[in-house]
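So the chains spell out like this:
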Amino acid sequence: MRFKEYFMKKVIPNYFMIVTLITIGMAVSGILIYGNRDIGMATLFVPPVFGALGCLPLLLDFFFMKVRGLGYFLYNLAELIILEICLLTAGYFLGMVNSIMTFTIMALMIFSIFTAVGAVMYMQDKKFCDDLNDALVEYSKKM
């Protein structure tokens, strides 16, 4: 698979999935933490920026696609840790992380979004593989 094809089929759909989940997570955590506070218009730029940062590990996936088994699990764990560090650091420098409670909620939100996106990607890939296998079985019966 070429990079352009990988980018169009994996990175862009995952970007929009991540941005949607970040927006939902920000809304829920914002209601819980800052329920009676007004937000500025600049806050609307946070989900697309964090979504782009969240897609950076997908670009690394393109170069490490051959990792399998326990190595793949360790690779995903390292990817999650790097993602947590990048996003929490960016949140700190943007002034979003200013207490332990905010740090914890943001870290849990990153973990849950990472897990949800991984689960959806797995289900999409599994469905595609099952459809491909069914088509190959049908083709082999015709031969």
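Residues numbered from 1 in each chain as written. Predicted model: local features only at pLDDT ≥ 70, side-chain atom pairs only at ≥ 80, totals over all residues. Heavy atoms only, no water.

Student: Mind showing me how you'd approach the packing of aromatic side chains here?
Tutor: Here a ring pair, both rings aromatic, is described through the centre-centre distance and the interplanar angle of the planes. On inspection of all chains with the given rule, the structure shows two aromatic pairs. Between Y15 and F16, the ring centres sit 5.3 Å apart and the planes meet at 75°, which makes this aromatic pair edge-to-face. The partly exposed category is assigned to Y15, whose relative accessible area is 22%. Given a relative accessible area of 52%, F16 falls into the exposed group. Where Y92 meets F93, the ring centres are 5.5 Å apart and the plane angle is 70°; that geometry is what we call edge-to-face. (Phe/Tyr/Trp six-rings, centres within 6.5 Å; stacked < 30°, edge-to-face > 60°. Buried < 20%, exposed > 50% of the residue type's maximum accessible area, 1.4 Å probe, protein only.)

Student: I would appreciate a short explanation of the confidence of the model for the protein in the present structure.
Tutor: Close inspection of predicted coordinates is inappropriate in any region flagged by low pLDDT. Scored by pLDDT, the protein comes out at a mean of 81, with 92% of its residues at no less than 70. Within the protein, the element-level pLDDT minimum falls on helix α2 (residues 46-63), averaging 77, and the maximum on helix α4 (residues 100-142), averaging 87. (pLDDT = per-residue confidence, 0-100. Helix = DSSP H or I, 4+ residues; strand = E, 2+ residues; numbered from the N terminus.)

Student: I would appreciate a short explanation of a nonpolar patch on the surface in the present structure.
Tutor: Judged by side-chain polarity, F73, L74, L77, I81 and I85 come together as a nonpolar surface patch covering roughly 490 Å² of accessible area. As for its placement among the helices and strands, L74 is situated in helix α3 (residues 70-93). Relative accessible area serves as the criterion here: at 48%, L74 is assigned to the partly exposed category. (Patch = residues over 30% accessible without salt bridge, like charges linked within 9 Å, V, L, I, M, F, W, Y side chains within 5 Å. Areas by Shrake-Rupley, 256 points an atom, 1.4 Å probe, with all protein chains shown as cover. Salt bridge = Lys/Arg side-chain N within 4 Å of Asp/Glu carboxyl O.)

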